[in-house]
Amino acid sequence: MAAGYLDILRARHAARLLTGTLVGRLPNGTASIAIVLFVRAEGGSYSIAGALAAVYGLATAVGQPLLGRAVDLYGQPRVQLPAAVVSALGMAVLAVAGTGSLALAYAAVAVAGLFTPPLEGGLRALWPSVLGGEERVHRAYAMDAVAQEIMFTAGPLLVTLLVALWSPATALLVINAIGVLGALSVVLSEPSRAWRSAPREAHWLGALRSPGLLALLGSFFFVGLALGSITVAAMAYADDRGRESVYGWLMAALGLGALLGGVVYGARQWAGAPERRLRVIVALLAVGYLPLVLTPGPVAMTVLAAVSGVFLAPAVACSFIVVDRHAPRGTVTEAFSWLVTTFGVGAAVGTAVAGPAVELGGTAWSFSVAGAGGVAALLVLLATGKVLAAPPRTAVAVRGSENDRNGAVEPGFSSGHQA
């Protein structure tokens, strides 16, 4: 199992690109907790903290596909690094100016979110030219999904450590400075500098003109909704038990389940169309969410949380393959960025829906939102089966192209150049 991942990491540039991308995404992965801690330290209410975090999330959702399209048009270095710097400056304004002027605070987080660099989509666009064979790229997608779980677990711990050692303002500044360094490491690498998207058909919809991609995005909106609702439902469950630590255990178990699932999924080669495989994985994901409504004791609930997370990383990793297959020519970074945006918007909606569900019907109702989200995600995939099954444009690596200068990619696999 480990040998396959080590093979990926030993490939030239692979470890640097993965590490740089994760570090570069640290500000985005920790923004919510960092903003809340900062606002509370400034004497602001939870309502203001939540509103600022929501503005940041909304701005990020808007900015990711726009910047992804810019990357496809102008290359990675000319977009990723300037965006990272502007985003960090936005957070720096918040850290220095505080919340004395709410208008300035909202503007600062909006700029920070809007210019969050699309490093996630950029990395997935680079994997084919770095790794070559289709099997290795698919394994890299799985490793990417696993690495995200590690980042979303370690990131908040780093923020709380910085707050404990210095202050929330310092945590904002340090995290965003680290993020710029991560982006810098990526864009200075040879693959990033050499990468060029395929010539694209001029169309205002960009990547969204692909019916298969739209079907996938519709499904993953509901996957995001399910995951977002669990964060609120788990807090309500912990409050019912009168033990705040239970919340930490539930979220850690969810992350651990996703981590183990992603590792196992990426350790083997899968046969058959990824679209069919994705339906099976999402079905299992939905089945894993449904028992959460039972809300048993803390130990059993922690086990259920771990089980519910097992198929999350495999679903995300498989979705990357589907995106690559259905993205229109010359829109690969934008397409991956749309997946990030849709998932994030779904998570925000899930968080918003789970709160009233707790007030109306209790904790079990809030967990039922997750189950409903999982079922809805599956239904979208089933309803759009013909669209997803329709043969996408055959992905072709052109020998001698800018994305495959050494002819490393196997025929029939995408390296950003699609026929």
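(A) Expanded view of the overall build of the chain. Broken down by element type, the chain carries 18 helices and zero strands. Taken over 419 residues, the chain has a buried fraction of 53%. The long-range fraction of contacts in the chain, counting pairs at least 24 apart against all pairs at least 6 apart in sequence, stands at 80%. Accessible surface, the chain: about 17000 Å² in total, of which carbon and sulfur atoms supply 69%.

(B) Spotlight on the pattern of salt bridges. Counted according to the given criterion, the structure contains seven salt bridges. For glutamate 120, the salt bridge goes to arginine 25, with nearest N and O atoms at 3.2 Å. Linking glutamate 120 in helix α7 (residues 119-131) with arginine 25 in the loop between α2 (14-24) and α3 (26-41), this pair joins segments that are 95 residues apart in sequence. Pair check on accessibility: glutamate 120 and arginine 25 agree, each one buried. Where glutamate 120 meets arginine 124, a salt bridge forms, and the shortest distance between an N and an O atom there is 2.7 Å. With a gap of four residues between them, glutamate 120 and arginine 124 both fall in helix α7, about one helical turn apart. Classification of glutamate 120 as buried rests on a relative accessible area of 11%.

(C) Quick peek at the packing of helix α13 (residues 274-289) against helix α17 (residues 363-383). Direction vectors running N to C along α13 and α17 enclose 160 degrees, while the axes themselves pass 8 Å from each other. With respect to α17, the axis of α13 lies roughly antiparallel. Seen from above, α13 lies across α17 with left-handed handedness. Residue-level inspection shows Leu278, Arg279, Val282, Ala283, Ala286 and Tyr289 of α13 in contact with α17, the latter providing Ala370, Gly371, Gly374, Val375, Ala377, Leu378, Leu381 and Leu382. Looking at the contact of α13 with α17, its residues break down into 11 nonpolar, two polar and one charged.

(D) Structural context of the packing of aromatic side chains. One pass over the structure, following the stated rule, counts five aromatic pairs. Feature note: the residues Tyr141, Phe320 and Phe336 constitute an aromatic cluster, connected by ring pairs.

(E) Local environment of α13. Helix length check: α13, at 16 residues, gives a terminal C-alpha distance of 22 Å against a target of 22 Å (1.5 Å per residue), a fit within 8%. Of the residues making up α13, those classed as buried are Pro274, Glu275, Arg277, Leu278, Arg279, Ile281, Val282, Leu285, Ala286, Gly288 and Tyr289.

(F) Spotlight on unusual backbone geometry. Even without glycine at this site, histidine 13 takes up a positive phi of about 80 degrees. On the secondary structure map, histidine 13 appears in the loop between α1 (2-10) and α2. Phi is positive for threonine 295, close to 40 degrees, though the residue is something other than glycine. Relative to the elements of secondary structure, threonine 295 occurs in the loop between α13 and α14 (298-309).

(G) Structural view of the side chain of arginine 25. When its relative accessible area of 7% is taken as the criterion, arginine 25 is described as buried. Every residue in contact with arginine 25, bar those within four places of it in the chain, is listed here: Leu119, Glu120, Gln148, Met151 and Phe152.

(H) Representation of a nonpolar patch on the surface within the structure. Taken together, Leu58, Val62, Leu66, Val111, Leu114 and Phe115 make up a surface patch of nonpolar side chains, about 500 Å² in accessible area. Looking at the nonpolar patch, the elements that each hand over two or more residues are α4 (46-74) and α6 (102-114). Looking at the nonpolar patch, the element that brings in the most residues is α4, giving three residues. For valine 62, the location among the structural elements is in helix α4. Under the relative-accessibility criterion, valine 62 is labelled partly exposed at 42%.

(I) Representation of the nonpolar core in the model. Ranked by internal contacts, the top residues of the largest apolar core, which has 99 residues, are Leu94, Trp127, Leu131 and Tyr289. At 13 residues, the largest contribution of residues to this core is made by helix α11 (residues 211-241). Setting aside residues up to four positions removed in sequence, leucine 131 forms contacts with Ile8, Ala11, Ala14, Arg136, Val137 and Ala140. Ala88, Leu119, Val180 and Ala183 belong to the second-largest nonpolar core, a separate cluster that totals five residues.

(J) Fine view of the side chain of serine 192. When you line up the elements, serine 192 lands in helix α10 (residues 190-194). Only 2.9 Å separates the side chain of serine 192 from the side chain of glutamine 76, close enough to count as a polar contact. Discounting chain neighbours no more than four positions away, the residues touching serine 192 are Gln76, Pro77, Leu126, Val186 and Val187.

Conventions we followed
- Residues numbered from 1 in each chain as written.
- Predicted model: local features only at pLDDT ≥ 70, side-chain atom pairs only at ≥ 80, totals over all residues.
- Heavy atoms only, no water.
- Helix = DSSP H or I, 4+ residues; strand = E, 2+ residues; numbered from the N terminus.
- Buried < 20%, exposed > 50% of the residue type's maximum accessible area, 1.4 Å probe, protein only.
- Contact = heavy atoms within 4.5 Å.
- Areas by Shrake-Rupley, 256 points an atom, 1.4 Å probe, with all protein chains shown as cover.
- Salt bridge = Lys/Arg side-chain N within 4 Å of Asp/Glu carboxyl O.
- Axes fitted to C-alpha atoms, helices over the stretch in contact; angles between N-to-C directions.
- Parallel < 35°, antiparallel > 145°, perpendicular 65-115°, else oblique.
- Left-handed = near helix turned anticlockwise from the far one by under 90°.
- Nonpolar A, V, L, I, M, F, W, Y, C, P; charged D, E, K, R; others polar.
- Phe/Tyr/Trp six-rings, centres within 6.5 Å; stacked < 30°, edge-to-face > 60°.
- Expected span 1.5 Å × (residues − 1).
- Patch = residues over 30% accessible without salt bridge, like charges linked within 9 Å, V, L, I, M, F, W, Y side chains within 5 Å.
- Core = buried A, V, L, I, M, F, W, Y, C linked by side-chain atoms within 4.5 Å.
- Polar contact = N/O pair within 3.5 Å; in protein donor to acceptor, adjacent residues only side chain to side chain.

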